[in-house]
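# Reading the structure
Chain residues, written in single-letter form:
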2 protein chains.
Amino acid sequence: MPVPEQQRAAIATVCLSGALEDKLDAAAKAGFDGVEIFQPDLVATPLSPGEVRLRCADLGLSIDLYQPFRDLDSTDPARFAATLRRADHTFGVMEELGVDTVLVCSSVAADAVAEPDRIAEQLSAVAERARARGLRLAYEALAWGTHVSTWDASWDVVRRADHPALGLCLDSFHILSRRSDPAPIADLPGDKIFFLQLADAPSLDMDVLEWSRHHRLFPGQGAFDLSGLLAAVHAAGYAGPLSLEVFNDVFRQSDPLRAAVDARRSLTALTDHSLPVPLTGHAFVEVAGDSSTADVLAALGFSRTGVHRTKPVERWEQAGARILVNRAGSEAAVLAVGVEAADPPAAARRAARLGVPALPRERGPREADLAAVRAPDGTAVFFCRTGARDDWSGDFVPTDEPAVDGIGVTGIDHVGLAQPFDHFDEAALFYRSVLGLTAEGAGEYAAPFGLVRTRALADERGTVRLALTVSRLRRGTWAPGVSEPQYVAFACDDVLAAARAARACGAPLLDIPDNYYADVDARLAPAHLAEYRELGVLYEETPDGAYLQVCTEVVGGRLFLALTQRIGTDAGYGWTDAPVRMAAHRRRRLIREVAGAR
Amino acid sequence: MPVPEQQRAAIATVCLSGALEDKLDAAAKAGFDGVEIFQPDLVATPLSPGEVRLRCADLGLSIDLYQPFRDLDSTDPARFAATLRRADHTFGVMEELGVDTVLVCSSVAADAVAEPDRIAEQLSAVAERARARGLRLAYEALAWGTHVSTWDASWDVVRRADHPALGLCLDSFHILSRRSDPAPIADLPGDKIFFLQLADAPSLDMDVLEWSRHHRLFPGQGAFDLSGLLAAVHAAGYAGPLSLEVFNDVFRQSDPLRAAVDARRSLTALTDHSLPVPLTGHAFVEVAGDSSTADVLAALGFSRTGVHRTKPVERWEQAGARILVNRAGSEAAVLAVGVEAADPPAAARRAARLGVPALPRERGPREADLAAVRAPDGTAVFFCRTGARDDWSGDFVPTDEPAVDGIGVTGIDHVGLAQPFDHFDEAALFYRSVLGLTAEGAGEYAAPFGLVRTRALADERGTVRLALTVSRLRRGTWAPGVSEPQYVAFACDDVLAAARAARACGAPLLDIPDNYYADVDARLAPAHLAEYRELGVLYEETPDGAYLQVCTEVVGGRLFLALTQRIGTDAGYGWTDAPVRMAAHRRRRLIREVAGAR
C-alpha cells in the first residue's frame, strides 16, 4: 500500500491547558490540521457543539475524533440499555460537531464482558446505530482494560464483529507500554484502522495507569520506538491523521500555545526522515558578564582576543575554548551557544521546518549574517562555520593585548543549562530534532533544596554536549537559588595542573569539604586524593570512566565555570557530586552575604 | 515488658530541606531530642564530624544513628575486602560524631549474597570490628533488597549471626509497604531491636522504590497503621527513640522548620492517646469582604444581625449558618473557621500539646476570650461554645435591621480551602490531630488548568466538614487563578427552592453550559433536569448518594458561596463537577475583565 506523503496532523484537546477555546486557538496557531475533542472539554464550554464546529472551521481545524466513550459492553442488561441511550446522545453531539468517528475504549468496569464474541455483539449493536447516522466507532484497548487490554485482543473483537462501522483505534502508549509487538499490525486491513493516536513516554517502572495519566510525552521526548510503530501502521495502509494524545501533568498546566508548538514539532520530527546537519564542536559560548567575569576568565588562562565591532561583547580564548562576554547587563547567564555546523544555512532551514524560526538579529555593516534560533529556555543557538569566509569571528576587532599563558584548557566540554520548569521535555525534543543531538540518558539526584532531574544531550561523536537540569517540583519560596546557576565546563587534559595554575592566578575556586574527600577515600581510594583535596577537585567514577571537575564560585549572579577532565568512554557529567557542589556554592554565597552585610 | 512513658523523638536529616546546618537548627527548634545523620548531608558540610557533634550538643540534640551503610554483603571477595575498609572509615566518622549505631541496609547489588548463613557471617565480621570500637550495626531489610526484603528475613539473618553488636533496624515503610504482618515483632527479643524508623505513606499502586523515595509521609498523614506497628515494637520491649525517616518530594524543598514542626507533631499525635475534644458543628465562618459580599449574602437570604464592638466585622445569619464579614481589607478569602467544641479550653490545650500555640488576639473590654489556633494555610480556627456564657456572639452589637426572609439555608455544610502547595499534607495532620477530624479519602481531578488533589476531612458525625484542594504541581505563570478561590457551602433541604429564591433576589449565580446538562441527561437522566438547567444546579451522583450545588460567582477576589444539598449517606463534595464550575468561574471573570476594559 502506498504511504501518504503528507498525513494530517491532529491533537487531542486533552493534551493542552485551558478552556476548550484556548486549546482550539493554540492548536490552530501551532499549525495542526485537526483536533480530537475530549468530551469533558466540550461539557465545560458554553459553546454549543454547533458553535464549536463553526469555531474549528473558522480556525481551519477539522474535528477528526470525539472521545472517549467508556464502558460500552456490560453483563448487566439494564446497564447496556442505558449505554444504548448514552450512545444515541453521543451520536447527536457528533452530528452537531460534524465529526464521524468516536473513540470507544475497552471497558474497565467490574461488569465488563469477558467473551470476545459477546463484546463483538454489543459493539455491533452500537455500531449499527452509528452506521444508520453515517457515523462509526473506533475501538481501542486500554492497557488496563478489564478483559481487553492489548491491541490484538481489540482486533480480535473487531474482526469477530465484522461490522462496517466498527474499526480499530490504535494508541502507541497502550501498545508500547505493554511491550506488545507492533509488527503484526502491518498485516491488518488498513481500512479497519480507523484512527491512530501517538504518545511517547519515558521508561518508568510504575503502574501503567499512573504512567499513562501523568507521564506521557510528545513523540521524541521519551523512550518509545514510535517510528517502528508508524511503519507498521503505514504498511497496513492507514492514511488517516496522526493524532497526539498525551496526558502530562506539566503540559496540562503550561502555556497551551507553547505546548502545541512543541507537539506539532514532534510530529514533524517523527515524519521528516532527512538527516540533521552534522555538528563538529562548540564554536563559542556567550555569557552575560562584567569585569568580575573577565577577571575569572583571565585567572583561568583566557586571553581577551577581540572586541565586537558594534556591541559591548568581548571575545576570550584559550586553545579551542571561546567565550564571548556580553556586558549589556542581562539577567540570564548563558546567552548563546554557538555550534560548529557543516552547513549553517541548511541547519537553519531544518529548524524552520520544525517550527523554530530564525532569530531576527540586528546586524551592523560588515558583520556576519549568522543563522541562529532560540532554544526553549531562551538561549540562542548559533550555527557557525568558524574559519569560513564571513564567519562570526570577523565581527570582532582583534585586541593588541599580549596573550596570557593558558592553563591547559583545550576546549569546551559541555554547557550546563538549568531549565525552566515547564519546558524541560520541550528542550529535549528541540535539541534532538533541531540539532540532531541524542539523549544520553535521564537521571535524578537529591540536591540540598529538592530533587533535580537531569538529561544529557550530545551529538554522535561527543563534540557538542549539553547538560540539562530541572527541579522535580517547581521551586517555592523557601529554597534559595530558585534559578539554579548555569555553567560552562572546559575540557582539560590534566585538570590537576590546570587547577593548580588557576589557583596560582587567583581564580575563585570552590572549597570542597574535607568530609567529601574522606568519603571518596573510603569508597574509591583514588591515587591522587591528596591533590584533589588540595585543589578542590570533585572526583567521581562511572562504570566506564571517571569525571573530575573544579568549579569556580558563581560569578555575575547565575554563572560558574568549571575545569573538567574525562577519563574513559563514559565519564558522565559529574551529577553524583552535584549536591556537594551546590552546598559549597550556597555556603560561598552565605559567606559573601555576611561579608556584604558588614 | 514495660512500655516507656516518654520515648525520645528523633528525625533523620534526610527528611528536611537545606544544608546540614539548616536541618539541625530546624530539628532542635521543633523540639526533637535527636537526629539520624544522613551520610550525604555530612559529606556536603564543611563542618567536621567533631564540629557536627558539638553543634548538635549545643542544640540539645543527640545523634542517635548514622546512616546508611549500603551493600555490605558480597559474593565477590575483592568487593567485600573493600567493604571492610569502607566500614573502618565509617566507624572512624562515627567515633568523631559520637554515635554508636550505624544503619546497614540489605544489599540491592547484583553481587548480593543469597544464603542467610553467609550474609550472617559477613555481617558478623563487620559487627566484630564495630564491637571492638564500642559500636554496633542495625540491619534493615529494604523492601526492594535483592535477597533480604522483609523484616522477618532480616531477623533470620540477625538471629543466625547472634552477634552482640548486630541487631535490627525496623522501618515501618519497608514493613507495611510489603503488607507484612507486624504482629510477630512483639515476640522478638527487645534488645535485638536496635532502632525504629517511622514513616507513613498514602495508599499507592506503584513500584515500591518509587513510592518510598518520593511519597513517604509523616505518621498520621497517610494510610499506614503505625499504631499497630508501634504496639508490637513496644510489646517486644523496644525503648529506643522513635525516629522519622521520610523521603518526600515536597518536604525536601519546603521550609525545614515548618516541616520539622509538622514532623514533631506527627510523633506527639502518634503517642498521645487522649481523645480529641468532640466537635458538634460549624459556629461561624469569617470571610474577608466588602459591600459586594454583603450584597450577595443578602441576596442569599442572610440578615445582618450584628456589628462587632471594636472591629470592622459584621455578623450575617440564616438559620444555623453564620458568616462574619471582615471589612478590614485582607487578601485572604476565608479568614477563620469557628467550630463548636464541647470544651474550648481543653481543645486549645490539646493543640498546644501538638505544637500549635494559641493565637494571640487583640481583645477589647467586654469581649470574649476565644481559644483560637492557626491552621497551616493561615486560616484561624476558633473553638466556640455558641450560647454559653461569654460566647463569641456577645462581641457583636445587635443591629435593629429587620430580618430578611431566608431562602432555606439551614447551616454550613462545609468550607472549601484551597491549600498552599507546600502544606497540603501538613494540613491533613493538623486537622486530624488538633481537631480530631477524619480524612474521608483523597482524590484527584483534572481541572482546566492542571490536576487538582483533594482531601475531605470531617468529624465522626459529619457536623464539621472541610474540603481541601491543592494543585498537583505548583502553578506557573500560564495558569490563571494561581490562588484558587475558597468557598463556603451552605446546606439546604431543598436546593432548587433556595436557588430559585436566590435568583429572584438577584444573587450572582454561575451560568452552567447547556452541554453539561445534555451530558448529565445522557449519563444519569435525573428527574429534575429541566430545573437544574434553569437554575444552574450542578448534579452528581455517588454510589451512595447525590450532591447538588449552585455556586455564586467569585466575590471579593477569592471567595464564592454555594447552596448545596446532600442526598443519601455519602454524597461527596461535588468534585466531579468542579472542573465545570472552574471553567464557568473563569468565563465569568473574562467577561468581567472585558466589560471592565470597555
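Counting of residues starts from 1 at the beginning of each chain's written sequence and follows it residue by residue. In the order they appear in the text, chains get letters beginning with A and ligands get numbers beginning with 1. The model is predicted, so local features are restricted to residues of pLDDT at least 70 and side-chain atom pairs to those at 80 or more, both for listing and for counting; the totals for chains, interfaces and linings are taken over all residues. Derived side-chain values reflect all non-hydrogen atoms in the structure, with water molecules and hydrogen atoms excluded from consideration.

## Some points on the overall build of chain A
We apply this condition: Strands are runs of DSSP state E lasting at least 2 residues, helices are runs of H or I lasting at least 4, and numbering of each runs from the N terminus. The criterion used for residue contact is that any of the two residues' heavy atoms lie within 4.5 Å. Accessibility throughout is a Shrake-Rupley quantity obtained with a 1.4 Å probe, and a residue counts as covered only by protein chains that appear here. Asp and Glu are treated as the negative residues and Lys and Arg as the positive ones, with His and the ends of the chain left uncounted. To locate a charge, take atom NZ for lysine, CZ for arginine, CG for aspartate or CD for glutamate.
The number of helices and strands found in chain A is 17 helices and 24 strands. Taking the principal axes of its C-alpha atoms as reference, chain A extends roughly 85 × 60 × 50 Å. Put simply, of all contacts in chain A between residues at least 6 apart along the chain, 75% involve residues at least 24 apart. By element, 50% of the accessible surface of chain A is carried by carbon and sulfur atoms, the whole surface being about 22600 Å². Positive and negative charge centroids in chain A, built from 61 and 82 side chains respectively, lie 3 Å apart.

## What about the nonpolar core?
If you look at soluble globular proteins, the nonpolar side chains tend to sit buried side by side. To keep it simple, the criterion reads: In this description, a nonpolar core means a group of buried Ala, Val, Leu, Ile, Met, Phe, Trp, Tyr and Cys residues linked to one another through side-chain atoms lying within 4.5 Å. Here's how the labels work: a residue is buried when its accessible area is under 20% of the maximum for its type, exposed when over 50%, partly exposed in between, all with a 1.4 Å probe on protein chains only.
Ranked by internal contacts, the top residues of the largest apolar core, which has 200 residues, are Ile323, Tyr431, Phe490 and Leu563 of chain A together with Tyr431, Phe490 and Leu563 of chain B. For Tyr431 of chain B, the contacting residues outside a window of four places in its chain are Ala375, Asp377, Val381, Leu417, Gly436, Leu437, Leu457, Leu466 and Leu468 of chain B.

## Topic: the sheet that holds strand β7 (residues 193-198) of chain B
Residue and element names in this part refer to chain B. Convention followed: Pairing between two strands is assigned when DSSP locates at least 2 bridges connecting them. In this description, a line fitted to the C-alpha atoms serves as the axis of each element, helices being fitted only across the stretch in contact, and the angle between N-to-C directions of two axes falls anywhere from 0 to 180 degrees.
Taking strand neighbours around the barrel as the criterion, the 8 strands line up as β1-β2-β3-β4-β5-β6-β7-β8 in a closed arrangement whose pairing is parallel. Across the sheet, the axes of successive neighbouring strands diverge by a mean angle of 30°, strand direction being ignored. Of the strand pairs in this sheet, strand β2 (residues 34-38) and strand β3 (residues 62-69) are connected by 5 bridges, and their pairing is parallel. Counterpart to Gly34 in the pairing with β3 is Ser62. Across the face of the sheet, helix α10 (residues 256-271) comes into contact with β1 (9-12), β7 and β8 (242-244) while running at roughly 140° to β8.

## Overview of the interface of chain B and chain A
As a reminder of what qualifies: Throughout, buried area stands for the accessible area (probe radius 1.4 Å) lost by two parts on being put together, summed over both. Just to be clear on terms, a salt bridge is a Lys or Arg side-chain nitrogen sitting within 4 Å of an Asp or Glu carboxyl oxygen. Between N or O atoms, a polar contact is any pair within 3.5 Å; within protein, one atom must be a potential hydrogen donor and the other a potential acceptor, and residues adjacent in sequence are included only when both atoms are from side chains. Amino acid classes used here: Ala, Val, Leu, Ile, Met, Phe, Trp, Tyr, Cys and Pro are nonpolar; Asp, Glu, Lys and Arg are charged; the rest, including Gly, are polar.
Taken together, the 55 residues of chain B in the interface contact 55 residues of chain A. Ranking the residues of chain B by area buried against chain A places Leu473, Trp478 and Asn515 of chain B at the top, with a combined share of 14%. Our count for the contact surface shared by chain B and chain A stands at 8 salt bridges. Note that Glu210 of chain B and Arg472 of chain A form a salt bridge whose closest N and O atoms lie 3.7 Å from each other. One can count 29 residue pairs in polar contact (both at pLDDT 80 or more) joining chain B with chain A. Examining the composition of the side of chain B that touches chain A, we find that 7 residues originate from one element, helix α15 (residues 514-524) of chain B, more than from any other. Here the side of chain B that touches chain A is composed, by residue class, of 25 nonpolar, 12 polar and 18 charged.

## Brief notes about the relation of the copies chain B and chain A
Put simply, the rule reads: Least-squares superposition of the copies uses the C-alpha atoms of those residues scoring a pLDDT of at least 70 in each of them.
Turning chain B through 180° and shifting it by 0.0 Å along the axis lays it on chain A, with an RMSD of 0.0 Å. The relationship between the two copies is best expressed as a two-fold rotation axis. It is Met206 of chain B whose C-alpha, among those of chain B, lies nearest the rotation axis, at 2.5 Å. Residue by residue, 100% of the interface of chain B is reproduced at the interface of chain A, so both copies engage with the same surface.

## Let's talk about the packing of helix α4 (residues 77-97) of chain B against helix α5 (residues 116-132) of chain B
All names here are of chain B. Stated precisely, the cut-off is as follows: Comment on the angle field: the value is read as roughly parallel under 35 degrees, roughly antiparallel over 145, roughly perpendicular from 65 to 115, and oblique elsewhere. Crossing handedness follows the turn of the near helix against the far one: under a right angle anticlockwise gives a left-handed crossing, and clockwise gives a right-handed one.
Between α4 and α5, the least distance of the axes is 10 Å, while the angle of their chain directions is 30°. One finds that α4 runs roughly parallel with respect to α5. Crossing hand, α4 versus α5: right-handed. Contacts between α4 and α5 involve Phe80, Leu84, Ala87, Asp88 and Phe91 on the former and, on the latter, Gln122, Ala125, Val126, Arg129 and Ala130.

## Focus: unusual backbone geometry
Residues and elements named next belong to chain A. Cis geometry marks the peptide bond from Gln67 to Pro68; its omega dihedral reads -10°. Along the chain, Pro68 falls in strand β3 (residues 62-69). The phi dihedral of Asp162 is positive, around 45°, even though this residue is not glycine. Summarising the element assignment, Asp162 is placed in the loop between α6 (151-161) and β6 (166-171). Residue class for Asp162 comes out exposed when judged on its relative accessible area of 61%.

## As for the domain arrangement of chain A
Interface extent is often summarised as the accessible area lost during association of the parts. Residues and elements named next belong to chain A. Selection rule: Note: domain ranges come from an automatic or database domain assignment.
Domains assigned within chain A are domain 1 (9-271) and domain 2 (279-593). Once you take the C-alpha centre of each, domain 1 and domain 2 turn out to be 43 Å apart. Counting residues at the interface gives 16 residues for domain 1 and 16 residues for domain 2. Surface buried jointly by domain 1 and domain 2 totals about 1400 Å² across both partners, of which 51% is contributed by carbon and sulfur atoms. The largest contributions to the domain 1 side of the interface with domain 2 come from Gln221, Arg258 and Arg265, which together make up 44% of the buried area. Linking domain 1 to domain 2 there are 1 salt bridge. A salt bridge links Arg258 to Glu426; the shortest N-O distance between them is 3.4 Å. Inspection of the region where domain 1 meets domain 2 yields 8 residue pairs in polar contact (both at pLDDT 80 or more). Residue classes in the side of domain 1 that touches domain 2 are distributed as 6 nonpolar, 7 polar and 3 charged.

## Some points on helix α9 (residues 226-236) of chain A
Think of an α-helix as turning once every 3.6 residues; residues three or four places apart then point the same way. Residue and element names in this part refer to chain A. Taken as a whole, α9 has its buried residues at Leu226, Leu229, Leu230, Ala232, Val233, His234 and Ala236. Residues of α9 that are buried in the fold lie against β6, α7 (172-177), β7 (193-198), β8 (242-244) and α10 (256-271). One side-chain oxygen at the N-terminal end of α9 lies 3.4 Å from the backbone nitrogen of Ser227; it belongs to Asp225. Among the residues trailing α9, Gly237 stands out with phi positive, at a value near 105°.

## As for the sheet that holds strand β24 (residues 559-570) of chain B
Residues and elements named next belong to chain B. Overall, mixed pairing links the 8 strands, which are arranged β18-β19-β20-β17-β21-β24-β23-β22 in an open sheet. Each end of this open sheet is capped by a strand with a single partner; those strands are β18 (438-447) and β22 (538-542). Taking each pair of neighbouring strands and ignoring which way they run, the sheet shows an average axis angle of 25°. Across 5 bridges, the pairing between β22 and strand β23 (residues 544-551) is antiparallel. By the bridge assignment, Tyr539 is partnered in β23 with Leu548. This element, helix α13 (residues 424-435), spans β17 (409-418), β18, β19 (450-458) and β20 (465-471) of the sheet and lies at about 10° to β19.

## What about the environment of Gly34 of chain B?
Residues and elements named next belong to chain B. With respect to the helices and strands, Gly34 occurs in strand β2. We classify Gly34 as buried; its relative accessible area is 0%. Taking the C-alpha atoms as reference points, Gly34 and Ser243, separated by 209 residues in sequence, lie 8.3 Å from one another. If we ignore the near neighbours within four places in the chain, the residues touching Gly34 are Arg8, Ala9, Ala10, Ile11, Leu61, Ser62 and Asp64.

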